[in-house]
Every structure is written in structure tokens, then in C-alpha cells.
Amino acid sequence: MSKKILLQHINVPGINTLETYVSHGGYQSLKKAFSMTPDEVTEEVKKSGLRGRGGAGFPTGMKWSFLDKKTDKPRYLVCNADESEPGTFKDRYLMQNIPHALIEGMIVSSYALGAKTSYIYVRGEMMHVIRILEAAIKDAYRAGYLGNNILGSNYSLDLFVHPGGGAYICGEETALLESLEGNRGNPRNKPPFPAVWGLYGCPTVVNNVETISDVPWIINNGGDAYASIGIGKSTGTKLISACGNINRPGVYEIELGLSVEEFIYSDQYCGGIPNGKKLKAVVAGGSSVPILPADLILKTANGDPRLMSYESLSDGGFVSGTMLGSGGFIVYDEDQCIVRNLWNFSRFYHHESCGQCSPCREGTGWMEKVLHRIENGHGKMSDIDLLVDVAKKIEGKTICPLGEAAAWPVASAIRHFRAEFEEHIKNPDSCCKKHLHSEHALIH
Amino acid sequence: MTILSSNTIQEINNIKSRYPEGREKSALIPALHLAQAEQGWLPVQAMNEVAELLKIQPIEVYEVATFYTMFHIKKVGKYVIEVCRTGPCCNVGAEELIQYMEEKLKIKVGETTEDGLITLKTVECLAACGTGPVLQIGPDYIYQEQITKEKFDQLVEDLKIKGR
Ligand SMILES: Cc1cc2nc3c(=O)[nH]c(=O)nc-3n(C[C@H](O)[C@H](O)[C@H](O)COP(=O)(O)O)c2cc1C
Ligand code: SF4
Ligand code: FES
């Protein structure tokens with residue numbers, strides 16, 4: 001039914017091996033790309049309308065064209081495989097099952113950018129994925145897809161996997177580059193952007209795993225063909241990792257523009273809510289994006305069906321919309337407690353703040369503390385506005401967007417579920433009691 | 001005498017070649033993983049030896065080792081069980097499981113069993129939210145997904161046998 005680009009062959013036994021991958025059309029884009037100039041490859045990606053799949057949705061071709069090609073410094077492509085945004089597990093799925101898709105994408109993309117050495121930065125916890133990628137890269141070298149003079153093209157590329165050490169912040173691209181240089185993962189001030197001053201002070205492009213894996217299809221079939229899939233400026237397909245209270249958690253490739261309702265209730269995707277429970281809320285794009293209550297995730301404020309696309313999900317701005325983000329789709333049924341979930345996420349951001357900026361370092365701590373006291377029955381009515389105020393004071397005042405990532409969930413949960421916070425404060429026994437017994441296990 | 005084995009030293013030297021000349025510091029995180037895999041944790045001497053291999057100051061190593069959650073700068077058990085405590089896993093029962101694990105192992109999160117076999121820790125989202133609750137077991141970092149009490153019991157039994 002829906003168009004498949006990345007997961008077309010996911011069920012083919014042995015698709016994780018080079019041999020089977022090649023027999024299903026793998027690595028064909030190399031020849032095609034080498035018959036074009038690097039700028040022509042970039043042009044095709046521009047035409048495709050492909051937007052970054054890591055969360056921000058920035059047009060990939062445009063990002064590539066910003067790369068400073070005037071200096072004689074080396075240029076780098078770095079793949080962001082840090083995947084740590086709560087609710088997101090699509091990159092891991094792709095790398096684990098079809099590792100060569102990413103490797104092929106890295107080769108074609110590196111060629112377009114003129115990179116001679118490229119790195120895949122994988123979060124350290126995914127040692128199993130690192131082992132898979134390293135073995136696959138070895139096979140690609142052996143087959144002549146990597147190394148010197150690839151397929152007689154005169155183009156040479158070395159590709160390495162680099163493990164992280166456990167830190168969500170290293171998903172932020174400049175923190176990632178710091179980490180790759182062997183430093184603490186402290187995000188850099190921007191500008192200069194990585195396109196000018198990236199890895200080792202050289203022009204660098206950082207792209208998400210899924211973004212890069214989309215490139216071979218675009219080169220094989222043309223940018224126009226890719227742009228004809230999807231809806232409006234949301235071209236192509238997107239991997240959505242669905243979790244929470246649904247019958248069929250997992251990774252789905254959807255054509256952008258699918259309705260949210262179909263995604264949640266169709267047996268082809270999430271398969272509805274278990275045990276006949278009602279849908280309460282959805283966090284549609286990883287923990288950092290605003291939470292929406294059931295009515296607003298299914299329909300926009302204007303009453304139009306909400307679609308899985310960049311534009312439709314953000315329709316209404318933050319008053320009544322959210323974001324497609326990373327594609328981490330978290331579903332909450334009627335039994336889930338919004339306050340407790342928010343406290344959990346606030347603890348996450350506090351834990352993961354790198355500590356460079358006071359609004360983020362202190363603000364995330366405050367939000368966690370205040371939410372903890374509300375959740376445990378010691379909240380005051382004034383705490384609700386205090387939270388809103390702290391969130392506002394973080395937003396826009398930090399070096400990197402982790403500040404916003406921590407503030408948006410708080411602001412949106414209170415906007416849409418204020419009554420639930422009030423109920424917690426007025427009547428702690430009714431809601432919090434069932435959680436209180438496990439309090440001690442989660443303070444650490 | 002170094003405490004790092006010649007094998008590990010060799011591997012660290014190999015990894016340096018992945019990065020441009022003069023940028024050997026890039027090998028720091030991979031090197032710390034190797035040192036920790038061998039030692040079980042990162043004693044100061046191991047970090048100092050890594051500094052020497054990468055021609056950087058020891059403080060640069062400590063700085064990094066203390067920033068990243070995967071590095072143990074205090075001694076840990078032979079196996080480290082790290083359970084995800086983030087939202088989506090809690091939607092499917094991680095909180096109750098963590099409590100059960102504490103009871104079963106007779107330790108609190110952050111502690112090590114008396115026999116030195118298992119350290120219990122919590123971690124943030126492991127990118128396995130569709131198959132939660134999830135945990136990983138160091139030093140090999142094997143993921144175990146869709147954990148139940150019964151599965152956890154079995155896991156502990158297996159570690160007891162493996163760790164003998
Ligand atoms: C706190 C934070 C965490 C992030 N984590 C990731 C991540 O795990 N993976 C990712 O691809 N992008 C992540 N990003 C976005 C990256 O900074 C960057 O925009 C992205 O890698 C660019 O690739 P793309 O254009 O292909 O999406 C994160 C951003 C922030 C602020
Ligand atoms: S916003 Fe937070 S995570 Fe980002 S640089 Fe500032 S303190 Fe660090
Ligand atoms: S929330 Fe536990 S793996 Fe993502």
C-alpha cells in the first residue's frame with residue numbers, strides 16, 4: 001500500500017548481509033552518482049525536498065549547499081546515530097537490520113560533499129549496532145565500495161564508526177562534534193555553524209541516519225520521483241517508531257500525509273489501544289515536542305483531520321499543534337498520568353543538561369523538583385504557574401535547543417491538561433496514591 | 001608495568017589511525033571503552049595510561065570519563081545491569097520492575113550485591129521503547145527487551161552461573 005523506500009526489503013532473509021543487499025539492488029546508486037558531478041548529486045537531493053529526519057526537518061540539499069567549499073581544508077560528513085530522544089528507536093532498527101543502507105548512503109553523500117573521511121557517531125550503549133556496522137563496513141571495503149578509487153571512479157573514502165559514551169546531549173550536532181574530538185559533550189555557540197566550522201574546525205555536514213539512508217533511492221530514482229511521494233513540503237516517507245499504549249509497537253515506514261487516525265487505529269500500524277481503553281494523549285515526535293490531547297492529535301483546531309506531515313502536525317503552532325520531530329510516537333491511554341509522565345521527562349532533561357547555561361542547568365532542576373512535589377502530593381496551586389514561568393525563562397535563552405526541549409513538554413502539558421495538575425494538588429490521594437509505593441525506586 | 005594489557009594498548013594504538021594526525025584525542029572515548037572492558041571499571045591508573053597513549057594530560061581524560069554515564073569511575077560489580085527508567089518504558093511497567101529488582105537483588109539502585117557480582121543502575125532511554133521494559137548488561141552491553149519478573153529471575157540465575 002504505502003510506498004516503501006527504506007524498509008522495502010526488511011523481510012528478506014539475509015538483507016543484513018552485503019550479498020543479499022546487493023542482489024536486491026543495493027549499492028547501485030554508487031555507479032549512478034559517480035557518473036554525475038558532486039554538485040549534480042546535491043542538486044538531486046535538493047529537488048527531492050528531503051528534510052532532515054533527526055528532528056529539526058531542515059532541507060538536506062540546502063544544508064549540503066551551505067558547506068564551505070572555498071577553503072582547502074578537508075571536508076567531513078558525520079552521521080548522527082546518537083538516537084537518544086525518548087520514544088525514538090527507528091535509527092537503531094534500520095542500522096541493525098539493514099546496515100548497508102546507511103553505508104551506501106554515506107558513500108554517495110560523502111561523494112557529493114567531497115569528504116574523504118567520514119564518521120558514523122553511534123551512541124555507546126548500542127555496542128551491538130556498532131559491531132554490526134563495523135562488520136558491514138569491512139565487507140563494503142572488501143567489495144571495493146570503500147577505500148581507494150571506489151569502482152574505478154578516482155573517488156576514495158574511508159568510513160569509521162565512533163562510539164559515544166552515554167549522553168543524550170551528544171545528539172545535538174555541535175556537542176556530537178566535541179565528543180568526536182574527544183571532549184565533553186558541551187554544545188558550541190553558533191554561528192559559526194558546522195558547515196563552516198565543524199569537525200576539527202573544518203567544513204562539516206551532520207545528518208541523521210535516516211536522512212542519509214534516503215539518499216541512494218533519490219539518486220537511483222531522481223529527486224523528482226522522491227518529491228512526488230508524500231504531501232506538499234513533506235516529501236517522501238518517514239520512519240515512525242511507535243510505542244506506549246498501542247497494540248502493535250514498532251517501526252513503521254509511512255508515506256508522509258497519512259492521517260494520524262489511520263496510523264493509530266489501523267492494523268497495519270499501531271493497531272489501536274489495548275484492552276478497549278480510550279486514547280488520552282500523544283507525544284508525536286519524541287519527548288521534546290509538545291504533548292497533544294486525543295481530540296487535537298486526531299483533528300486540528302479547525303476540525304481538519306491531522307496528518308503525519310511536518311505542516312499538519314505543527315498546524316496551530318504551539319497553541320493547538322506540535323511537531324513531527326524525530327518520529328518518536330508515544331501513545332498514552334486513559335490510565336496514564338500526565339503529571340507523572342511529565343515529572344519523568346523533566347528528570348530526564350535535568351539529568352541530561354550539560355550544565356553550560358544557567359537557565360537550562362538550574363531551570364530543568366527546578367522543574368523536576370516542583371513536578372516531583374506535585375506528583376507526591378505536596379504541591380501548591382501556585383506551583384502550576386511557577387512551572388510555566390520557569391519554562392518560559394529557559395526558552396530562547398540557551399546555547400543549544402535542549403533548553404527548549406525541556407521547556408516545551410512542560411508548557412504544553414499544563415496548557416492542555418491544567419485540570420489534571422489542579423486535581424493532583426487539591427486531591428493528592430485520588431490520583432497519586434497508586435504511584436506512591438514506588439516512589440523510592442525512582443529518586444536516584 | 002602498565003595495568004592495561006598489551007592487547008588493549010595495541011588496540012588503542014590502532015584506533016588512533018582513524019583520526020587525522022594531531023587529532024589522536026578523538027580516540028579517547030573508544031579507548032576508555034576498551035580500558036573499561038578489560039578492567040571492569042576505570043581506575044585512575046588506567047585513565048593515566050590512556051592519557052599517555054593519546055599524548056594528552058590526565059585531567060583531559062578524567063574530564064571526559066566523568067561526563068559520560070557509561071564510564072564507571074568507581075568499582076562496580078562483575079556485571080552491571082542498567083534498566084531504562086524513562087517515560088515510554090514506565091508506560092509499560094518499568095517502575096514496578098525496578099522495585100522488584102531491588103527486592104530480588106537485596107540492594108538499592110546504584111549499589112552492588114554483596115558477592116560483587118551485580119551492580120544495579122538505572123539509565124535513560126535506550127532507543128528500544130517499543131520493546132520495553134528494557135535493560136542492558138555490561139561489560140558487553142547486551143540489550144534484553146520486554147523484561148518481566150520471570151525473565152529477570154532467569155537472567156540473574158544465568159549471571160550467577162556465568163560469573164562463577
Ligand atoms: C538535545 C538534542 C538532541 C538531539 N539528538 C539527536 C539525535 O539523537 N539524532 C539526530 O539525528 N539528531 C539529533 N538532534 C538534532 C541534531 O542537532 C541535528 O539537527 C541533526 O542531526 C541534523 O541531521 P538531519 O538534518 O539529517 O536531521 C538533537 C538535537 C538536540 C538539540
Ligand atoms: S541548553 Fe542546556 S544542554 Fe544546551 S548547552 Fe545549555 S546547558 Fe547545555
Ligand atoms: S524509554 Fe526505555 S528504551 Fe526508550
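Placed above this text is the structure.
All values derive from a computational prediction rather than experimental measurement. (Residues numbered from 1 in each chain as written. Chains lettered and ligands numbered in written order. Predicted model: local features only at pLDDT ≥ 70, side-chain atom pairs only at ≥ 80, totals over all residues. Heavy atoms only, no water.)

**Some remarks on the packing of aromatic side chains**
The description of an aromatic ring pair rests on the distance of the ring centres and on the angle between the ring planes. Applying the stated criterion across every chain, the model contains 21 aromatic pairs over all chains. The interplanar angle of 35 degrees and the centroid separation of 6.3 Å between the aromatic rings of Tyr76(A) and Tyr119(A) together place this pair among those described as tilted. With Tyr76(A) in strand β1 (residues 75-81) and Tyr119(A) in strand β2 (residues 115-122), this pair connects stretches of sequence that are 43 residues apart. Owing to a relative accessible area of 0%, Tyr119(A) belongs among the buried residues under this scheme. Here Tyr252(A) and Phe263(A) contribute two aromatic rings whose centre-to-centre distance is 6.0 Å and whose plane-to-plane angle is 85 degrees, an arrangement assigned as edge-to-face. Here Phe263(A) lies in helix α11 (residues 260-265) and Tyr252(A) lies in strand β8 (residues 250-255), a separation of 11 residues in the sequence. Accessibility assignment for this pair places Tyr252(A) and Phe263(A) in one class, buried. One aromatic cluster in this structure is built from Tyr76(A), Tyr119(A), Phe160(A), Tyr200(A) and Tyr19(B). (Phe/Tyr/Trp six-rings, centres within 6.5 Å; stacked < 30°, edge-to-face > 60°. Helix = DSSP H or I, 4+ residues; strand = E, 2+ residues; numbered from the N terminus. Buried < 20%, exposed > 50% of the residue type's maximum accessible area, 1.4 Å probe, protein only.)

**Focus on the pattern of salt bridges**
Residue and element names in this part refer to chain A. What the rule picks out here adds up to 29 salt bridges over all chains. One salt bridge in this structure joins Lys-90 and Glu-210, with 2.9 Å as the shortest N-O distance. With a gap of 120 residues between them, Lys-90 in helix α5 (residues 90-97) and Glu-210 in helix α9 (residues 209-221) connect regions that are remote in the sequence. The class for Lys-90 is buried, based on a relative accessible area of 1%. Here Glu-181 ties to Arg-188 by a salt bridge, and the two come within 3.0 Å at their closest N and O atoms. Take Glu-181 and Arg-188: they sit in the same class, and that class is buried. Linked by salt bridges that have partners in common, Arg-53, Lys-90, Asp-91, Glu-210, Asp-214 and Lys-238 make up one network. (Salt bridge = Lys/Arg side-chain N within 4 Å of Asp/Glu carboxyl O.)

**Section: the sheet that holds strand β4 (residues 142-144) of chain B**
All names here are of chain B. Within the open sheet, the 4 strands sit side by side as β2-β1-β3-β4. Their pairing is mixed. Only two strands of the sheet have a single neighbouring strand rather than two, namely β2 (118-123) and β4. In this sheet, adjacent strand axes meet at a mean angle of 25 degrees when their direction is disregarded. Sheet topology note: the strand β1 (residues 79-84)/strand β3 (residues 135-138) ladder contains 4 bridges and is antiparallel. (Pairing = 2+ DSSP bridges. Axes fitted to C-alpha atoms, helices over the stretch in contact; angles between N-to-C directions.)

**Digging into the pairing of strand β4 (residues 204-208) of chain A**
Residues and elements named next belong to chain A. Burial within β4 is extensive, with 5 of its 5 residues counted as buried. Residues Thr-204, Val-206 and Asn-208 of β4 are buried on one face, and the alternating residues Val-205 and Asn-207, pointing to the opposite face, are buried as well. Two elements, β1 and β4, share 5 bridges in a ladder whose sense is parallel. Bridge assignment links Tyr-76 to a residue of β4, and that residue is Thr-204.

**Topic: the environment of Pro133(B)**
Mapping Pro133(B) onto the fold places it in the loop between β2 and β3. Ignoring anything within four residues of it in the chain, the contact list for Pro133(B) reads Cys89(B), Val92(B), Gly93(B), Ala94(B), Leu97(B), Gln144(B), Glu145(B), Gln146(B) and Ile147(B). (Contact = heavy atoms within 4.5 Å.)

**A closer look at the side chain of Ser26(B)**
Within the element layout of this structure, Ser26(B) appears in the loop between α1 (6-16) and α2 (28-39). Reaching out from Ser26(B), the side chain makes a polar contact with the side chain of Tyr200(A) at a distance of 2.6 Å. Residues within four places of Ser26(B) in sequence aside, it is in contact with His162(A), Leu180(A), Glu181(A), Gly182(A), Tyr200(A) and Tyr19(B). (Polar contact = N/O pair within 3.5 Å; in protein donor to acceptor, adjacent residues only side chain to side chain.)

**What about helix α7 (residues 149-162) of chain B?**
Residues and elements named next belong to chain B. In this model, α7 (14 residues) spans 20 Å end to end at C-alpha, consistent with the 20 Å of a helix rising 1.5 Å per residue. Those residues of α7 lying buried are Phe-152, Leu-155, Val-156 and Leu-159. Buried residues of α7, seen end-on, are gathered within an arc of 100 degrees and therefore sit on one face of the element. Exposed residues pointing more than 90 degrees away from the buried face of α7 are listed as Glu-150 and Ile-161. Where α7 is buried, its residues meet β1, α6 (94-105), β2, β3 and β4. (Expected span 1.5 Å × (residues − 1). Arc of directions from axis to C-beta.)

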